[in-house]
Amino acid sequence: MEDCTEYPLLTDNNIHVDDEDDVQGTLRIPMVVWHELGVEVAERFAFAGTSGNLITYLTDVLGEPTAKAAQNVNVWSGVATLLPLLGAIIADSYLGRFDAILISSIIYIMGLVMLTLSVSTLIPLKFQYWVFFFSLYLVAIGEGGHKPCVQTFGAEQFDESIPEEKKAKSSFFNWWYFGICSGTMVGMLVVFYIQENIGWMIGFGLPALAMVFALVVFWLGSRFYRSHVPKGSPFVRIVQVFVAAYRKRCLCVSKDGVPLYEEENPDDAGSASEGRRILAPTKQLKCLDKAAIKDKMDTSSDMKNDWRLYSVTQVEEVKLLIRLVPVWLSC
């Protein structure tokens, strides 16, 4: 995907790595990345506190049979699990990750606020059931836009062309996983206790406050984020690689004198983003390498036809995606 910078890049004022730190192997993560970690901890706290005790509320308060309550929770959980696939497509193709996180956070907060109101006396009893489930699915929609974007957006803040940032990126993922686990654990311990011993309104209100905190923290770092403008659907580019390879199916990749096309500027390499290195051709799935063969028709044209010619880096990215299919199927 062709990317361009929408927000100011991190500067030396935001990123500082001492030589002593580098020698000792401890690298300082840019301050703006801690904003992303704080957002994720708060979101995990909110989601765990909202979702973990739903069956108890449905059976004890709304009076549903256990089997019906479990069915409703499982259906909602399945929707909340699948929506991030759609959210990722929309973010990558149209909104961009910054706007996707911002919009989904607002929807998330709306759902949690309505959920809090649905368990209060402000909503008539005959409407509480429908308002409750409508609010839950608003939360699922917010989760669908939030979950696939925050971690990737956090990783985008590191420029891999800078050695110090490339090393710090590994440390970021360690802290990220710690944040997910700690946010979930605290959410389950604290919110569950409040819901069962103090009240459901406060129990659902705390996750709402946590998401408001997450939105404020995310917005405070908006001046310093690296963000990239989306350039269309990634699925179209994947199809284009297959179509280009098929149109040149009669050509031989290993034939002498047949060059493989590569963008001179890495930033122009389609789905390659800033700081991402050019990928060398691999021996697997060599039939797709034909999409990178520059024949006479491509040479004679001033404009590159994306349905006939793709760079080696773009072809290799499609190969990487195909190699993930066995992992997805096994999961």
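What counts and how
- Residues numbered from 1 in each chain as written.
- Predicted model: local features only at pLDDT ≥ 70, side-chain atom pairs only at ≥ 80, totals over all residues.
- Heavy atoms only, no water.
- Patch = residues over 30% accessible without salt bridge, like charges linked within 9 Å, V, L, I, M, F, W, Y side chains within 5 Å.
- Areas by Shrake-Rupley, 256 points an atom, 1.4 Å probe, with all protein chains shown as cover.
- Salt bridge = Lys/Arg side-chain N within 4 Å of Asp/Glu carboxyl O.
- Helix = DSSP H or I, 4+ residues; strand = E, 2+ residues; numbered from the N terminus.
- Core = buried A, V, L, I, M, F, W, Y, C linked by side-chain atoms within 4.5 Å.
- Buried < 20%, exposed > 50% of the residue type's maximum accessible area, 1.4 Å probe, protein only.
- Phe/Tyr/Trp six-rings, centres within 6.5 Å; stacked < 30°, edge-to-face > 60°.
- Contact = heavy atoms within 4.5 Å.
- UniProt positions renumbered as here; feature names shortened; annotations may be inferred.
- Axes fitted to C-alpha atoms, helices over the stretch in contact; angles between N-to-C directions.
- Parallel < 35°, antiparallel > 145°, perpendicular 65-115°, else oblique.
- Left-handed = near helix turned anticlockwise from the far one by under 90°.
- Nonpolar A, V, L, I, M, F, W, Y, C, P; charged D, E, K, R; others polar.
- pLDDT = per-residue confidence, 0-100.

Can you help me understand a nonpolar patch on the surface in this one?
Together, Leu 321, Leu 324, Val 325, Val 327, Trp 328 and Leu 329 line one region of the surface with nonpolar side chains, adding up to about 560 Å² of accessible area. Tracing the sequence through the fold places Val 325 in helix H11 (residues 312-330).

What am I meant to see in the nonpolar core here?
Proteins that are soluble and globular tend to have nonpolar side chains buried together. One finds Phe 132, Phe 204 and Phe 218 to be the most contacted residues of the largest nonpolar core, which totals 49 residues. Sorting the residues of this core by element identifies helix H2 (31-51), helix H3 (54-60), helix H4 (66-95), helix H5 (97-118), helix H6 (125-156), helix H7 (163-197) and helix H8 (200-220) as the ones contributing at least two each. If you look at the next biggest cluster of nonpolar residues, it comprises ten residues, including Val 241, Leu 288, Val 315 and Val 318.

I would appreciate a short explanation of the packing of aromatic side chains in the present structure.
The geometry of an aromatic ring pair comes down to the distance between the two centres and the angle between the two planes. In this structure the tally under the stated criterion is 20 aromatic pairs. For the pair Phe 98 and Phe 153, a centre-to-centre distance of 6.3 Å together with 50° between the ring planes defines the contact as tilted. Linking Phe 98 in helix H5 with Phe 153 in helix H6, this pair joins segments that are 55 residues apart in sequence. Summarising the burial analysis for this pair, Phe 98 and Phe 153 share the class buried. Cluster of aromatic residues (ring-pair linked, three or more members): Tyr 57, Tyr 129, Trp 130, Phe 132, Phe 133, Trp 200 and Phe 204.

Hey, could you run me through the environment of Asp 295 in this one?
Secondary-structure assignment places Asp 295 in the loop between helix H9 (234-247) and helix H10 (296-300). Taking C-alpha positions, Asp 295 is 9.4 Å from Leu 260, a pair spaced 35 residues apart along the chain. If sequence neighbours within four positions are ignored, Asp 295 has contacts with Lys 248, Leu 251 and Arg 308.

When you look at the UniProt feature "transmembrane region" (unreviewed entry) in the protein chain in this model, what are you seeing that I'm missing?
According to UniProt, the positions carrying the feature "transmembrane region" (unreviewed entry) are residues 75-95, 102-123, 175-194 and 200-221. For the annotated span residues 200-221, helix accounts for 95% and strand for 0% of the residues, and the straight-line distance between the end C-alpha atoms is 33 Å.

What exactly am I supposed to notice about the packing of H5 against H6 here?
For any two helices packed against each other, one specifies the crossing angle of their axes together with the interaxial distance. The geometry of H5 relative to H6 is characterised by a closest axis approach of 7 Å and an angle of 155° between their N-to-C directions. Considering their axes alone, H5 and H6 lie roughly antiparallel with respect to each other. The way H5 lies across H6 gives a crossing that is left-handed. Of the residues in the contact of H5 with H6, the class split is 19 nonpolar, ten polar and three charged.

Before we go on, may I ask you to explain the confidence of the model for the protein chain in this structure?
Predicted coordinates in areas of low pLDDT are best not read in detail. Residues at a pLDDT of 70 or more form 84% of the protein chain, whose mean pLDDT is 79. For the protein chain, the element scoring lowest by mean pLDDT is helix H1 (residues 19-24), at 39; H5 scores highest, at 92. Contacts for the low-pLDDT stretch residues 1-26, under 50 throughout, to residues beyond four places or in other chains number 59 contacts. Within the model, pLDDT remains below 50 along residues 266-275, and this stretch shows 34 contacts once partners closer than five positions in the same chain are excluded.

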